[in-house]
Structure formats: structure tokens, C-alpha cells
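Descriptive analysis of the structure
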Amino acid sequence: MAAHISDEPAETANEQFEAGGTGSASDIRLIMAPLMLTLFISTLDQTIVATALNDISRSLGSPGHASWVATAYLLTSAVSTLIFGKLGDIYGRKPIFQFSVAIFVIGSALCSFAPNMLSLIIFRGLQGIGGGALNSLVMAIIGDLVPARERPRYQAVLGIVPAIAIVLGPVLGGWIVDQLSWPWIFLINVPLGLVAFVLIAMRLHLPVRHSDHRIDFFGGVLAIVFTSAALYLAVSGGQAYPWNSWQVMALAALSIVALITYILVERRAIEPLTPLELFGNGVFTIASALFFLATAALFVGMLFAPLMLQTVYGLSALAAGTCTVPLLLGLIAAAIMTGGVISKTGRYKIFPVIGALLGFAGFLALSRVSLTTPVWQISCILAVIGVGIGFFMQVVILAGQNAVDAKHLGVATGALNFFKTLGGAAGAAIFGALLTASLPASPTMVEQTLMAFQSVYIWGVPLMGFAFFLALMLEEKPLSEEIKEIAEGTLEAPEY
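On a predicted model such as this, the values are computed, not experimentally measured, just so you know.

A short note on the overall build of the protein chain
Each helix and strand counted, the protein chain has 19 helices and 2 strands in total. Here the protein chain holds 496 residues, and the buried ones make up 58% of them. About 18,800 Å² of surface is accessible on the protein chain, with carbon and sulfur atoms providing 69% of the total.

Here it is in C-alpha cells:
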């Protein structure tokens, strides 16, 4: 998987590599359980909805907006990951961590009682604020507690948790939907989150640290406004609203104004959310674009394959989630393998090139499945796509990190992860709109429903074709010793 990250500034993190942590061995063991629990549930909620979208649509209506249940979470978590890390620096990690747990738990509870699709989307956005914050703060807390020489061991343990959560998400979501009902995929977070909140309050003791970080709140709000307006314009123009309607004109105007204002704000911000000077570096720019495209492709497979298996092939939610597991296992295996090879050879360009070709072939094959295609063959195709995407994940973040000066490593890591999350949000929203536009009026028209899914997957082919073109353009620079250690997982990459 991608390198383990902390939200410390690059200078502070590098100092901590040589310094000791503040926690005793017993303190660290006591705090690991609630940290792992919060990391598990916040990561789980990125994938657990995949097998529940069919039931959510039937229950709340508005199936055309179902993909926004995933998009809203990803959009807000992309920004909160960056902002809450700095808030932890300024006000202390423990209170900000507890505040993040509270937001996540409240958002989860509200999601479980959402009366309609719009409410669920809004509450998922709130949940995403807490989830994104938790992901960034867990590693930072470990950085505070654990001595530098011991840190890789604890990071390795914590690094397993997101991998398990990602794989279990569709399966657990399917089981909950089949045995209980979809609100329980959110409601289970409430008792788990409350347990973590209490344990953190009792067990976590950190020194009071303050820094003079400046929070780019305005930039964060503008990023969400621009991205949301642009995505909604892309998915609703010509579908929900005619292209010459006032709604489309208003969304276009809002997108343009928000983007221009965002650029102006980022140029003047003391600590911008996404420093614009980084994009003057060609390698970093291509790496950001590849991260965006790879994550978009991942969410196309992860969200719409289970939906197809349920609506076309008649599988239960649990069975559909189980059939999606090869996609995620392929991703994780490929990401681990590439990290080891890169750390030994220093060569990385070939992996995204091969990954794009595998993704191209996988989506092409997925677009040609028929009603008689065995489900195991669909799982194998998903595994190919997963391996292809896995060849991107470790490589593009290492290439982007390697392309910038050491003093910008934390900022670059944060920006790369920002575009990764936005890619997932865009893939869910745009390909969800393509599916909605192609679905027949009646779900009983199985052959037409399959054709609608085929029309979605075929767009994954040019997506991977563009990724192939960018991968060929990616300049391969010699890896620094620091980046090689990050590839091996023996060094953490500071984030923002």
C-alpha cells in the first residue's frame, strides 16, 4: 500500500526520526487498540457502502444520486485530512482527535436515520469530515508516542488495519444488508466510536504542543465548492437539466468563480492547501493526475461491480461483496510487491505503464460480459483490474515525493493524497451518472440493465488509455535514499 504517513511538517517529522517518543511501552500498548479501532471504522466507511447502494436506492429513492453517498464522504474527507492535521499541531492532537471521533459518530448516527437520499448525502459529508481527520491524526499520534527506531514496527501494525478494512468493507456491508438492513452499516460505528472516544480520553496522554501553523479554511471550503459544483454539473448537464437551463448556467458560473477564487487564495495563503508552485514540477503534476485516474478507476470497479452482480445476476449483497474481494486483494498484493521491487532497484516507471494496460484489458473484458458469463470469471476480471490499479498506487506517490525538495515532502504527500481522494469522488459521481442515464425504466429488464453497466465499463477503457499515455510521459528520476526507505516501509513520509 502507499507509504505510511504522518501529518507532521517535514522539518518536525525529520527531527523526530532522531528523537525519542513520549510514551512508555505500556502506554503505547494501551493506546494501540482505540487507535486501530478508529482507523478501521473510518477506512471501512469508504468501501462498506459498495454493496448497500442497491438497497439504499430502493429504500430512499433517487437511484440516480446513489453514487453521491460515496462521493460526499470522499470529498469532505479529502479536505479534512489536510486541515485537521494542522489543527492537531495548533491545539493538541488529543482534543482534535476526540472532536474528530465525535463528528464521525454523529455523522454515522444521522446517516442511519436519514429520511431521504439528499439527507443521507449531506450526513455522509459530515461523516467524511470526521473520517478524513481520523486517518491523518492516527499516524501523527504514533509519531508523538513512539521513538523513531521503534516507529516502523508500530506503523506496520497500523498499516495492516486499512488493508483489512478495505477488503472487509464490501463483504461486511453485504452481510449487514442481508441479515439486518442498510442503516446498520452506519449505526455500527456509533458504539465502536464511543468506545474509542472513552478509551482515548482515559489512556492517551500527550505533551501539550502548539505551533504557529496557519489553517487555510477558506481554501478548503472553496475546494469543496468547486469540486462539488463541477462534478454535479458534469453528471446533471443534459440529464437532470438541459444544457441551456438556468441550473446548468448557475453551476457553471459557480464552478468558474470558485476555481478562480481558489487559485487567488492559494497564491496568497501562507500555508496553502495545495501549493501551486508544486505543479510547476512536471513529474509531480503527472503523478497527481495518475493518482486521480487510478483511484477513479478503483471506485468504478468497487462500486458498480457489486451493483451489477446484484441487479443483473441476482446475487445477494453478501455474495456480491465477496465476488468483489479479488479486486481489492489484487490491488494490495500489487502495491506491496511494487514497493519491495522499487526499494531494491530504484526503478518505477514500468509499473504504471503495465498497470494501465492491465486496467485497459480488464475494463474492456468487463464491458463484454454477458448474462451467461460465470460469476467467477467476473471476479477474475476484477482481480486483473485490481492488480493494474495496484501498480499505480505505490509508484505515483513515491514518484511525486521524489520529485520535490525534502522541505516540501510533507506538503507534496498531502497534495498527492488529496488528489487520490478526489479521484475516487469523481469516479463515483461521473460514472454513476453514466449508469443512471443508461438504465432502463424497469429493473426487470435484465438484458438492458446489463447493457447499461457495459456502457459504464467501456468508459474505463479510455480512462486507462489516458493513464497509459501519462505513464509513458512520467520521467523516472533516481530515488533518494529517504524515498527508498519510504518504499520499504521503514520510514514514514510526513504529510502537511
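Comments concerning helix H13 (residues 317-345)
Counted at 1.5 Å a residue, the expected span for H13 with its 29 residues is 42 Å, and the 43 Å between its end C-alpha atoms agrees. Along its length, H13 reaches its greatest deviation from straightness, about 30°, at Thr324, and the proline Pro326 lies no more than four positions downstream. Phi turns positive one or two residues past the end of H13, at Gly346, with a value near 75°.

Things to note about the nonpolar core
With 143 residues, the main nonpolar core has Phe97, Leu120, Phe304, Met308 and Tyr457 as its most contacted residues. Examining the composition of this core, we find that 19 residues originate from one element, helix H12 (residues 282-311), more than from any other. Beyond its immediate stretch of four places on either side in the chain, Phe97 contacts Leu35, Thr38, Leu134, Leu137, Val138, Ile141 and Ile200.

Focus: the packing of H13 against helix H15 (residues 375-402)
Between H13 and H15, the shortest axis-to-axis distance is 6 Å and the interhelical angle comes to 35°. Pair H13 / H15 crosses with right-handed handedness.

What about a nonpolar patch on the surface?
On the surface, Phe218, Val221, Val225 and Leu254 cluster together into a nonpolar patch covering about 340 Å² of accessible area. At 3 residues, the largest contribution of residues to the nonpolar patch is made by helix H10 (residues 217-236).

Some details on the pattern of salt bridges
Enumeration according to the criterion identifies 2 salt bridges in this entry. Residue Arg124 is joined to Asp45 by a salt bridge in which the shortest nitrogen-to-oxygen separation is 3.4 Å. Of this pair, Arg124 sits in helix H6 (residues 117-145) while Asp45 sits in helix H2 (residues 25-47); the two residues are 79 residues apart in sequence, bridging distant segments of the chain. In this structure Arg124 comes out as buried when scored by relative accessible area, which is 0%.

What about the layout of surface pockets?
Over the atoms rolls a probe the size of a water molecule, and in doing so it shows where empty space is left. In this structure, the largest pocket encloses a volume near 490 Å³. Every residue lining the largest pocket is counted, 22 residues in all, and those nearest its centre are Asn54, Ser57, Pro63, Thr311 and Leu439. Contributing elements (two or more residues each) for the lining of the largest pocket: helix H3 (53-60), H12, helix H16 (409-438) and helix H17 (446-457). Considering every element that reaches the lining of the largest pocket, the biggest residue donor is H3, with 4 residues. Split into classes, the residues belonging to the lining of the largest pocket amount to 11 nonpolar, 10 polar and 1 charged.

Considerations on the packing of aromatic side chains
Within this structure, the stated rule accounts for 6 aromatic pairs. Between the aromatic rings of Trp182 and Phe186, the centroid separation amounts to 6.3 Å while the plane-to-plane angle is 80°, which identifies the pairing as edge-to-face. The buried category is assigned to Trp182, whose relative accessible area is 8%. Taking 5.6 Å as the distance between ring centres and 55° as the angle between the ring planes, the aromatic pair formed by Phe351 and Phe391 counts as tilted. Taken together, the residues Phe351 in helix H14 (residues 350-366) and Phe391 in helix H15 connect sequence positions 40 residues apart.

Rules used throughout
- Residues numbered from 1 in each chain as written.
- Predicted model: local features only at pLDDT ≥ 70, side-chain atom pairs only at ≥ 80, totals over all residues.
- Heavy atoms only, no water.
- Helix = DSSP H or I, 4+ residues; strand = E, 2+ residues; numbered from the N terminus.
- Buried < 20%, exposed > 50% of the residue type's maximum accessible area, 1.4 Å probe, protein only.
- Areas by Shrake-Rupley, 256 points an atom, 1.4 Å probe, with all protein chains shown as cover.
- Expected span 1.5 Å × (residues − 1).
- Bend = angle between axes of the 7 residues up to and from the residue.
- Core = buried A, V, L, I, M, F, W, Y, C linked by side-chain atoms within 4.5 Å.
- Contact = heavy atoms within 4.5 Å.
- Axes fitted to C-alpha atoms, helices over the stretch in contact; angles between N-to-C directions.
- Left-handed = near helix turned anticlockwise from the far one by under 90°.
- Patch = residues over 30% accessible without salt bridge, like charges linked within 9 Å, V, L, I, M, F, W, Y side chains within 5 Å.
- Salt bridge = Lys/Arg side-chain N within 4 Å of Asp/Glu carboxyl O.
- 1 Å grid on protein atoms, 1.4 Å probe; cavity = no way out; pocket = protein on both sides within 12 Å on 5 of 7 lines; lining within 4 Å.
- Points joined across faces, edges and corners; volume = space filled by probe spheres on them.
- Nonpolar A, V, L, I, M, F, W, Y, C, P; charged D, E, K, R; others polar.
- Phe/Tyr/Trp six-rings, centres within 6.5 Å; stacked < 30°, edge-to-face > 60°.

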